[in-house]
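Summary of structural features
Spelled out, the chains give:
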Amino acid sequence: MRKRVLLASFALLCVARLSGAAPLALPGNSPIYFQFNNLEQVNLANNLIVPGYAPAVGTQGNWGVFNISSVQNGGVVSPHNDIGGGPTFFADDGPGGTAGQITGIFYGVQVTSANGTTATGGHIDLFWHDAGSDTITAACLAGGCASDAATVAAFTSGTFLARLDFASGIDPLNATTFIKSNTDPTTQGGSGHADSFANVNTGVTGAWTNVLNGDWFNTAFGTRDIRFSNIFFLNSGGQWNLKSNDPGRVFTAATVPEPATLTLFGLGLAGLARARRKKNQN
């Protein structure tokens, strides 16, 4: 009897451990509002190299690292067009805290105008860090981290969540413009804002790939999964050209449990049912 109970308990424990070790879960079929904090490099010659990150092959005009400081239950401001912020259900409490961290990198952006106000291409990779392995500090995000391979590695370790690809739609008259800003981001002492859309890359799967694939935003070139509105400030010192922050908005897709979760849950239920049958027979 004891052996059968232990078997069932072990199966249920596997489910519990899988759930406890999993990244932050996003609710399905819901408007979500993210707040990003970014450190960026930018130039108009498109000759920047990302140090130490294999997917970022070649050169680019803009790249950077970031953390997500909060995730909120948003509200629909304009159907299929905009989502506003709301109650926070995740807040980054830094190293030593209990929340964990969401970090990432964007890369591959190619500047397409002489004044730097339009760009094309680019990707965003998102990562989850459990509490205890979250190393990104407020001082780093204020510009204290070097623009080197060690910093890139810190922001791109952890559990892979999803890859986003910047996509057309922000300029309804130009299908090759993926990012559009109101001013040259390289202007000394300048600040401004930039807007863009992105789609989830379903060919590179992570824990958030399915839930972010909502196809909610309407554009002249089709539906998009995520919308960004970036506010940038020229960094007058340090190793980064820009510091910026922006909200990202998504209306998540309806989701189902991951296959591994379903399998372990089924094993737990099967173990309990078997133990109950044995008990009744005795």
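Summarised in this report is the structure supplied together with it. In this text the structure is predicted, and so the values were computed from the model without any measurement. (Residues numbered from 1 in each chain as written. Predicted model: local features only at pLDDT ≥ 70, side-chain atom pairs only at ≥ 80, totals over all residues. Heavy atoms only, no water.)

Description of the packing of aromatic side chains
The following threshold applies: Pairing of aromatic side chains requires ring centres within 6.5 Å, counting the rings of Phe and Tyr and the six-membered ring of Trp. Pairs whose planes differ by under 30 degrees are stacked, by over 60 edge-to-face, and all others tilted. A simple rule labels every residue: compare its accessible area, found with a 1.4 Å probe on the protein chains alone, to the largest value its type can have, and call it buried under 20%, exposed over 50%, or partly exposed in between.
Evaluated as defined, the whole model comprises twelve aromatic pairs. Between the aromatic rings of phenylalanine 34 and phenylalanine 36, the centroid separation amounts to 6.3 Å while the plane-to-plane angle is 55°, which identifies the pairing as tilted. For phenylalanine 34, a relative accessible area of 6% puts it in the buried group. On the basis of relative accessibility, which here comes to 6%, the residue phenylalanine 36 falls in the buried class. Three or more aromatic residues link up through ring pairs in this structure, and these residues are Phe34, Phe36, Phe66, Phe166, Trp208 and Phe228.

Here's the deal with the pairing of strand E2 (residues 62-73)
Side-chain direction in a regular strand flips from residue to residue, so the side chains alternate between the two faces of the sheet. Test applied: Counting from the N terminus, the helices are DSSP H or I runs at least four residues long and the strands are E runs at least two residues long. Pairing between strands is defined by DSSP: at least two bridges between the two strands are required.
Judged by how many residues are buried, E2 sits mostly within the fold: ten of twelve residues are covered. Direction of pairing for strand E1 (residues 31-42) relative to E2: antiparallel, over a ladder of eleven bridges. Bridge assignment links asparagine 37 to a residue of E2, and that residue is asparagine 67. Note that E2 and strand E5 (residues 88-91) share three bridges and pair antiparallel. Paired with valine 71 across the strands is phenylalanine 90, a residue of E5.

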